[in-house]
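Residue-level listing of the chains:
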Amino acid sequence: MAHENNEQTDDEMSNIPTTKQRGFWHNVRKYLREYTEVTGIHGLRYVTEKRSRTEKVVWALLLILSLGGCIYMISEIMYKYENTPVVVSFATEDTPLYQIPFPAITICPEAKHNKQVFGYRDIYRQIQKQEKVDETNFTKFSHLHLLCQDIDIIATIANKTVGPDFFETLDEIKIDPGEMFIDCSYNDEDIECEDFFTPIIIDEGICYSFNILGREEVFKDHVYNYAQYYHVPNKSADYFNIETGYKENANMNTYPRRAMMSGADNALLIFFNIDTDYIDPICNGIFKGFRVLIHNPWDVPRLTKHFFRVPFSKVVVAAMEPEIIVTSDTVRKFKPEKRKCFMHDERPLQYFKFYSQPNCLLECQTNYTLKKCGCVQYFMPRNNKTAICGNGLSKCVEQAESELKEKELESRLGGKRFCDCRPACTNMKFSVETSHSDFYFKDTYWSVLQIYFKEEQFKTMERNELYGISDLISNFGGLLGLFTGFSLISLVEIIYFCSLRIFCNERMYGIWSGP
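Because the structure is predicted, anything quoted here is derived from the model rather than measured.

Regarding the state of the cysteines
By definition, a disulfide links the sulfur atoms of two cysteines through a covalent bond.
Here is step 1: Enumeration according to the criterion identifies 8 disulfides in this entry.
Here is step 2: Here Cys-148 is linked by a disulfide to Cys-283, with a sulfur-sulfur distance of 1.8 Å. For the disulfide bridge between Cys-148 and Cys-283, the dihedral angle about the S-S bond is near -80 degrees, and by the sign convention the bridge is left-handed. Linking Cys-148 in the loop between α6 (135-145) and β4 (161-162) with Cys-283 in the loop between β11 (268-273) and β12 (290-295), this pair joins segments that are 135 residues apart in sequence. Cys-283 matches Cys-148 in its accessibility class, with the two residues each being buried.
Here is step 3: Bridging Cys-375 to Cys-389, the disulfide has an S-S length of 1.9 Å. Between Cys-375 and Cys-389 the disulfide shows an S-S torsion of about 105 degrees. By sign, it is right-handed. Taken together, the residues Cys-375 in the loop between α12 (357-373) and β15 (388-389) and Cys-389 in strand β15 connect sequence positions 14 residues apart. Exposure class is identical for Cys-375 and Cys-389. Each is buried.

Rendered as structure tokens:
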């Protein structure tokens, strides 16, 4: 029994802290109290000093709440940094007008052909009466029918594709631009209209564009363009970059032409006319006049989507104001999903040399139509081997366009993009105010278009990094200081108390907690 009692006593004694153990924890509490008395972190000293337990609990809860609030605010900043790291704001300085190009002005006549060259209505009536039509006229009719949207497709026009003679037909029966453009002036100087307007084939047929980039700058080498369409002779954009603008050594006569000065006296002024004898009432005869689109020189215009109309016997004045968004170099490091835009060299396109959202959407529609119908519409970019859809596939083309719109909308509602055509990070567009008045001249159907800039300078928007490294440090430090009083010196104090001070105390006093 005595032996058993002695063993029990030994076990109980082993559970009692030794003097050395009690001394260690005493030194820890003493060292911690010593730290809280000198640190700049608020409230810690009230938890460690010799006060009532109630006071200590209250201060401990306050410290926990304060630290929790600080962590919550920091997490909010980190969420913004991770999900919306880019902010758009006004630039610090106005941009002078001469640093940007004058926009491309694309003009499309509502009349798609010269009635005196080819009688579309006459052939249409012959087909209705089931009369015999010679092969040449029927081919021209089927070609022109792709542009005339006023009548339903006739069952006899069942050709699924059209050949290369399609463009020859359009060129042969077009309205002579020399008769359509009467007089032009730019920056208060008379110019030859035909020398300054480039013929192009787009979704509205044959149109004419002022200050547009040539096909060598817009399209890749394998893209087919008929004859001299979309060709700007003796003009190249060697001194211009889509993202950075004009080079320092670019002069006044560079291309695309600069936007020089504001005001109506520095406008692009165009007098144009179409003889009413040229207009076929069956082919787009409801609307008369011209469609006009103001756009970037490097974008392929789509006048079925965006335009304003210049009617006959009207003077239309368009006052422009540029809207530009530029992007700082610090934003380039973010992924497109976070900055919500593409750099011009970041998303390669199949048909275009440089990225822009309108060109990307056109390419997406082209690829979708080609996949569904095995051909593309006549205005879409293509190589020389890709077939052009004829009247027999009009329903397929319409269905492809409708399906693409639905897919794109559904994907956007789901937070994605079917075509993946985000805005360009450096983008320019033009806000236009139009006004019109009557114009009568010798019983003719003349129209006048005057386009000019409203101001000599304009505000530029800029994409910048929401939080840089210095901004993050400042925000974190500010929140830590506000909620806890923590600073960089506080961090140094912690490191000092956990390392150097212990070592020095051991050497000076023999104990690490000090005297």
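That was the structure; now back to the text.
Overview of the UniProt feature "transmembrane region" (unreviewed entry) in the chain
Here is step 1: Here, UniProt's "transmembrane region" (unreviewed entry) annotation points to residues 57-75 and 476-498.
Here is step 2: Helix and strand shares over residues 57-75 are 100% and 0% respectively, and the end C-alpha atoms of the span are 27 Å apart.
Here is step 3: End-to-end, the C-alpha atoms of residues 476-498 are 24 Å apart, and along that stretch the chain is 83% helix and 0% strand.

Brief notes about the sheet that holds strand β3 (residues 104-109)
Here is step 1: If you trace the 5 strands from one edge of the open sheet to the other, you get β7-β8-β3-β12-β13, paired in antiparallel fashion. Every other strand in the sheet has two partners, leaving β7 (197-202) and β13 (308-310) as the edge strands with one partner each. Taking the axes of each pair of neighbouring strands and ignoring which way they run, one obtains an average angle of 30 degrees across the sheet.

Observations concerning the nonpolar core
Here is step 1: Residues Phe-102, Ile-107 and Leu-449 are the most contacted members of the largest nonpolar core, which totals 96 residues.
Here is step 2: Among the elements that line this core, the one with the most residues is α12, at 5 residues.
Here is step 3: Every residue in contact with Ile-107, bar those within four places of it in the chain, is listed here: Phe-181, Phe-197, Cys-207, Tyr-208, Ile-270, Phe-272, Phe-290, Arg-291, Val-292 and Leu-449.

Things to note about the packing of aromatic side chains
Here is step 1: If you walk through the whole model with that rule in mind, you get 32 aromatic pairs.
Here is step 2: Between Phe-196 and Phe-210, the aromatic rings sit 6.3 Å apart at their centres with planes inclined by 15 degrees, giving stacked as the arrangement. You can see Phe-196 sitting in helix α9 (residues 193-196) and its partner Phe-210 sitting in strand β8 (residues 205-210), a full 14 residues away along the chain.
Here is step 3: Since its relative accessible area comes to 22%, Phe-196 is described here as partly exposed.
Here is step 4: Look at Phe-210 and you get buried, because its relative accessible area is 0%.
Here is step 5: By way of ring pairs, the aromatic residues Phe-102, Phe-181, Tyr-186, Phe-196, Phe-197, Tyr-208, Phe-210, Phe-272, Phe-290, Phe-312, Phe-430 and Phe-453 are connected into one cluster.
Here is step 6: Residue placement shows Arg-258 over the ring face of Tyr-246; its charged tip is 4.3 Å from the ring centre.
Here is step 7: Taking the ring centre of Phe-307 as reference, the NZ or CZ of Arg-291 above it sits at 4.2 Å.

Some points on the side chain of Arg-382
Here is step 1: Structurally, the position occupied by Arg-382 is in the loop between α12 and β15.
Here is step 2: A distance of 2.9 Å separates a polar side-chain atom of Arg-382 from the backbone oxygen of Thr-386.
Here is step 3: When sequence neighbours within four positions are dropped, the list of residues in contact with Arg-382 reads Phe-167, His-222, Val-223, Tyr-224, Tyr-351, Val-376 and Ile-388.

Looking at the pairing of strand β5 (residues 181-186)
Here is step 1: Sheet topology places β5 next to β11; 5 bridges connect them, and they run antiparallel. Bridging from a neighbouring strand, Cys-184 pairs with Ile-270 of β11.
Here is step 2: Pairing analysis gives 3 bridges linking β5 to strand β6 (residues 189-191), with the strands arranged antiparallel. Residue Tyr-186 lies in a different strand from β6, and its bridge partner there is Glu-189.
Here is step 3: Where β5 folds back on β6, the antiparallel hairpin that results is connected by 2 residues, among which Asn-187 adopts a positive phi of roughly 55 degrees.

Let's talk about the packing of helix α4 (residues 53-83) against helix α14 (residues 469-483)
Here is step 1: At a minimum axis distance of 9 Å, the contact between α4 and α14 shows a crossing angle of 165 degrees. As far as their axial angle goes, α14 and α4 are roughly antiparallel. The handedness of the crossing between α4 and α14 comes out as right-handed. Each of Ser-66, Gly-69, Cys-70, Met-73, Ile-74, Ile-77, Met-78 and Tyr-81 in α4 lies in contact with α14, whose residues at this interface are Leu-472, Asn-475, Phe-476, Leu-479, Leu-480 and Phe-483.
Here is step 2: Looking at the contact of α4 with α14 residue by residue, the classes come out as 11 nonpolar, 3 polar and no charged.

A closer look at a negative patch on the surface
Here is step 1: Judged by side-chain charge, Asp-176, Glu-179, Asp-183, Asp-188, Glu-189, Asp-190, Glu-192, Glu-194, Asp-195, Asp-265, Asp-275 and Asp-277 come together as a negatively charged surface patch.
Here is step 2: One can find Asp-176 in the loop between α7 (165-173) and α8 (177-180).
Here is step 3: Look at Asp-176 and you get partly exposed, because its relative accessible area is 37%.

Brief notes about the pairing of β8
Here is step 1: Within β8, 6 of the 6 residues are buried, which leaves the element mostly enclosed by the surrounding structure.
Here is step 2: Pairing of β3 with β8 involves 3 bridges; the strand directions are antiparallel. Looking at β8, one finds that Thr-106 is bridged to Ser-209.
Here is step 3: The pairing of β7 with β8 spans 6 bridges and is antiparallel. Note on β8: the bridge partner recorded for Phe-197 is Phe-210.

Describing the packing of α12 against helix α13 (residues 394-413)
Here is step 1: Contact pair α12 / α13: the axes reach a minimum separation of 9 Å and the direction vectors enclose 125 degrees. Classified by the angle between their axes, α12 and α13 sit oblique to one another. As for how α12 packs across α13, the hand of that crossing is right-handed. Facing Cys-364, Gln-365, Tyr-368, Thr-369, Lys-372 and Cys-373 of α12, the residues of α13 in contact are Cys-396, Val-397, Gln-399, Ala-400, Glu-401, Glu-403, Leu-404 and Lys-407.
Here is step 2: When grouped by side-chain class, the residues that make up the contact of α12 with α13 number 7 nonpolar, 3 polar and 4 charged.

Calculation notes
Residues numbered from 1 in each chain as written. Predicted model: local features only at pLDDT ≥ 70, side-chain atom pairs only at ≥ 80, totals over all residues. Heavy atoms only, no water. Disulfide = S-S within 2.5 Å. Helix = DSSP H or I, 4+ residues; strand = E, 2+ residues; numbered from the N terminus. Buried < 20%, exposed > 50% of the residue type's maximum accessible area, 1.4 Å probe, protein only. UniProt positions renumbered as here; feature names shortened; annotations may be inferred. Pairing = 2+ DSSP bridges. Axes fitted to C-alpha atoms, helices over the stretch in contact; angles between N-to-C directions. Core = buried A, V, L, I, M, F, W, Y, C linked by side-chain atoms within 4.5 Å. Contact = heavy atoms within 4.5 Å. Phe/Tyr/Trp six-rings, centres within 6.5 Å; stacked < 30°, edge-to-face > 60°. Lys NZ or Arg CZ within 6 Å of the ring centre and 35° of its normal. Polar contact = N/O pair within 3.5 Å; in protein donor to acceptor, adjacent residues only side chain to side chain. Parallel < 35°, antiparallel > 145°, perpendicular 65-115°, else oblique. Left-handed = near helix turned anticlockwise from the far one by under 90°. Nonpolar A, V, L, I, M, F, W, Y, C, P; charged D, E, K, R; others polar. Patch = residues over 30% accessible without salt bridge, like charges linked within 9 Å, V, L, I, M, F, W, Y side chains within 5 Å. Areas by Shrake-Rupley, 256 points an atom, 1.4 Å probe, with all protein chains shown as cover. Salt bridge = Lys/Arg side-chain N within 4 Å of Asp/Glu carboxyl O. Lys, Arg positive; Asp, Glu negative; His and termini not counted. Charge placed at Lys NZ, Arg CZ, Asp CG, Glu CD.

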